[in-house]
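# Survey of secondary and tertiary structure
Residues per chain are reported as follows:
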Amino acid sequence: MKKDYIVLFIGNVFILCFTTFLLYLDKKNRESIYIQSKINQLASELEIEADKFDNIANIFFSTKVENDSILEILKQSDFSKRYILYTKFYKDYKILRKYGFERFMFVLPDGTVYLRFHNFNKYGDKLSDVIEFFKANDSLSIMDKRFLDSLVFYFPIYYHKQLIGSIYLNVPFYKVSQDLSKTFGKEYIFIVSKEFINLKESKSFIESDLSKDYFIEGQILKNIKNYELINQFNQKAKNDITEKLSSKESFVIFKEIDEKIISATFYSIKNLLQNKHVGFIVSYEEDNTFSISEKTFLTALGFLFTLLIIINIFIFYVLKLKKVAEEKAITDKLTGLFNRNIIDNLVEIEYERSKRTGKPISVILFDIDHFKKINDTYGHDKGDYVLKTVAQIARKTLRKSDYIIRWGGEEFLIILPETDLKGAITVAEKIRQNVENFYFKDISKVTVSLGVTQIKKNENLENAIKRADQALYLAKNKGRNRVEFIY
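This text gives an overview of the structure that appears in the document. Quantities reported herein were computed from a predicted structural model and do not represent experimental measurements.

This next bit is on the sheet that holds strand β14 (residues 448–454). Spatial ordering of the open sheet is given by β12-β13-β11-β14-β15, a layout of five strands whose pairing is mixed. At either margin of the open sheet sits one strand with a lone partner, and together these are β12 (403–408) and β15 (483–485). With direction set aside, neighbouring strand axes in the sheet form an average angle of 20°. One ladder, built from seven bridges, connects strand β11 (residues 361–368) with strand β13 (residues 411–417); its direction is antiparallel. Residue pairing across strands places L365 opposite L413, the latter belonging to β13. Sheet contacts for helix α12 (residues 343–357): β11, β12 and β13; angle to β12, the most-contacted strand, approximately 145°.

Take a look at the structure:
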């Protein structure tokens, strides 16, 4: 008996230590995932903000600059006519400044500055390195091209297909910071690497209290509402921050200030012109989520000491039930296809991929012709057989990257990533032929009608499905067993 107790004790100690280790790893993993999500969130906020300025810049360029009278002046490259352009655009420049744009320049094709609206008397110098960078990197993403010494927007100007100059717009970091705070309700600062800025020309920058290697625009400090709280945080976390800043990689720091958990997310920004680290955008906010991980870990250990065996059995049981429930939740029992429950997650994934790649997404909606008649004539068992068989035929016709969903009854929805309307029509026709050519036992011939459309830019899936349904309705009205499409 004593030996059994010893074995049981050793077994419990082993399980306790091993499970504690696993819980600790899980805690660290959840913390890592959460930290990365905060970094991704800040990156998204910055992208949204940059897009906002980008839209303004694009609207300004397309509505104000691209007209013959302006282009004719710029084409002549006559410095004596600079004042004409200055007069024409002065009010526009004032409006741009209200939106946050500080610099507005006309630049000649060789990079020579023709006109600075923020400094009329300074011209004739060159921005060749910047202009050449933009010309050579058209394939880069918007964010890659924007971060030079600030948020930068460049537009080449063509007249009768000839490059006659360009426009160069700039939004300083402190303006971006102010607008981010208004939009997302957090505090933001930019700290810029000492290596990157020219301290002689950039007199508005002062040394950051986080590190002597980073500087901050003085205007940012003037607009921080909770400056005292942020200052306390920076002083308390200075050693941790200084150490992580040296890596030049994104990171998150958590500290308790006045009984509140404050997080500072540092998102690293790189300038691809010189392939250098520019600095960090930092967001500060109250954050109680991160501490939940520690509390969860301690609570789990408490239960583990008293109910070790029961907890382990319960965990395995719950995980098994969860897996079964998830599979049931997204799978149609009869056909084995996805059901409607997966559509939201699926659309989010494919829409994000489409935004990144710029490639289209198309939709096919189809159903089985005269399915009610099949059920009434041959019985529901044969109807189920037809449903399963049609689902299998369609699935085998599609690529692994395509999605087919049982939409309801005898209706099926197909989502085709990276496929335009023409390609989708081809796929739909293959499905139609494969179904028509298949021999259905005791029934012989079964046909399907299909409606096809391509999802438009920024269109939600619901509208695209409605359009595919209209095309399906058209196919049925034209005699069934056919493919119709609507743009």
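There's plenty left to go through after this.
So, on to the pattern of salt bridges. Counted according to the given criterion, the structure contains 28 salt bridges. One salt bridge in this structure joins K476 and D369, with 3.7 Å as the shortest N-O distance. Of the two residues, K476 sits in helix α16 (residues 461–477) while D369 sits in the loop between β11 and α13 (371–378), which places them 107 residues apart along the sequence. On the basis of relative accessible area, D369 is assigned to the buried category, the value being 4%. We note a salt bridge from E459 to R467, for which the minimum N-O separation is 2.6 Å. We classify E459 as buried; its relative accessible area is 11%. A cluster of three or more residues bridged by salt bridges with shared partners is formed by K38, E45, K186, E285 and D287.

In this structure, K161 takes a positive phi of about 65° despite not being glycine. Examined against the element boundaries, K161 turns out to sit in the loop between β3 (151–159) and β4 (162–171). On the basis of relative accessibility, which here comes to 83%, the residue K161 falls in the exposed class. In this model, S444 sits at a positive phi of 75°, which is unusual for a non-glycine residue. Considering the arrangement of structural elements, one finds S444 in the loop between α15 (421–437) and β14. Looking at S444, the relative accessible area reads 38%, which means it is partly exposed.

Side chains Y214 and I216 of strand β7 (residues 214–217) all project onto a buried face; the interleaved residues F215 and E217 project onto the opposite face, where all are buried too. Here strand β5 (residues 187–193) runs beside β7; their pairing, made up of three bridges, is antiparallel. Across the sheet, the residue bridging to V192 is F215, located in β7. Judged from the three bridges that link them, strand β6 (residues 205–207) and β7 form a sheet pairing that is antiparallel. If you follow F205 over to β7, its bridge partner there is E217. The hairpin formed by β6 and β7 contains six residues between the paired strands.

At their nearest, the axes of helix α2 (residues 68–76) and helix α3 (residues 82–99) sit 10 Å apart, and the two run at 150° to each other. Regarding the angle of α2 to α3, the classification is roughly antiparallel. The handedness of the crossing between α2 and α3 comes out as left-handed. Contacts between α2 and α3 pair S69, I70, I73 and L74 from the former with I84, L85, K88 and F89 from the latter. Along the lines of polarity and charge, the residues of the contact of α2 with α3 split into six nonpolar, one polar and one charged.

On to the sheet that holds strand β2 (residues 113–116), then. In a beta sheet, neighbouring strands are held together by backbone hydrogen bonds and run either parallel or antiparallel to one another. Pairing within the open sheet is antiparallel, and its four strands lie in the order β2-β1-β4-β3. Here the strands that pair on one side only, and so sit at the sheet edges, are β2 and β3. With strand direction ignored, the average angle separating the axes of adjacent strands in the sheet is 20°.

With that out of the way, let us pick up the packing of α13 against helix α14 (residues 380–397). Where α13 meets α14, the closest approach of the two axes is 7 Å, and the angle between their N-to-C directions is 140°. For the element pair α13 / α14, the angle class is oblique. When α13 is examined against α14, the residues F371, I374, N375 and Y378 are found in contact with a partner set consisting of H380, K382, G383, V386 and L387. Of the residues in the contact of α13 with α14, the class split is five nonpolar, three polar and one charged.

Quick look at the environment of Q162 now. Mapped onto the elements of the fold, Q162 is located in strand β4. A C-alpha to C-alpha distance of 9.2 Å links Q162 and K75, two positions 87 residues apart in sequence. Beyond its immediate stretch of four places on either side in the chain, Q162 contacts K75 and I157.

Counting through the fold element by element, F371 comes out in helix α13. Once the C-alpha coordinates of F371 and V446 are considered, the two residues, 75 residues apart in sequence, prove to be 8.9 Å apart. Setting aside residues up to four positions removed in sequence, F371 forms contacts with G383, V386, L387 and E410.

Position of D92 relative to the elements: it lies in helix α3. If near-sequence neighbours (up to four positions away) are discounted, D92 is found in contact with F60 and K64.

Analysis parameters
Residues numbered from 1 in each chain as written. Predicted model: local features only at pLDDT ≥ 70, side-chain atom pairs only at ≥ 80, totals over all residues. Heavy atoms only, no water. Pairing = 2+ DSSP bridges. Helix = DSSP H or I, 4+ residues; strand = E, 2+ residues; numbered from the N terminus. Axes fitted to C-alpha atoms, helices over the stretch in contact; angles between N-to-C directions. Contact = heavy atoms within 4.5 Å. Salt bridge = Lys/Arg side-chain N within 4 Å of Asp/Glu carboxyl O. Buried < 20%, exposed > 50% of the residue type's maximum accessible area, 1.4 Å probe, protein only. Parallel < 35°, antiparallel > 145°, perpendicular 65-115°, else oblique. Left-handed = near helix turned anticlockwise from the far one by under 90°. Nonpolar A, V, L, I, M, F, W, Y, C, P; charged D, E, K, R; others polar.

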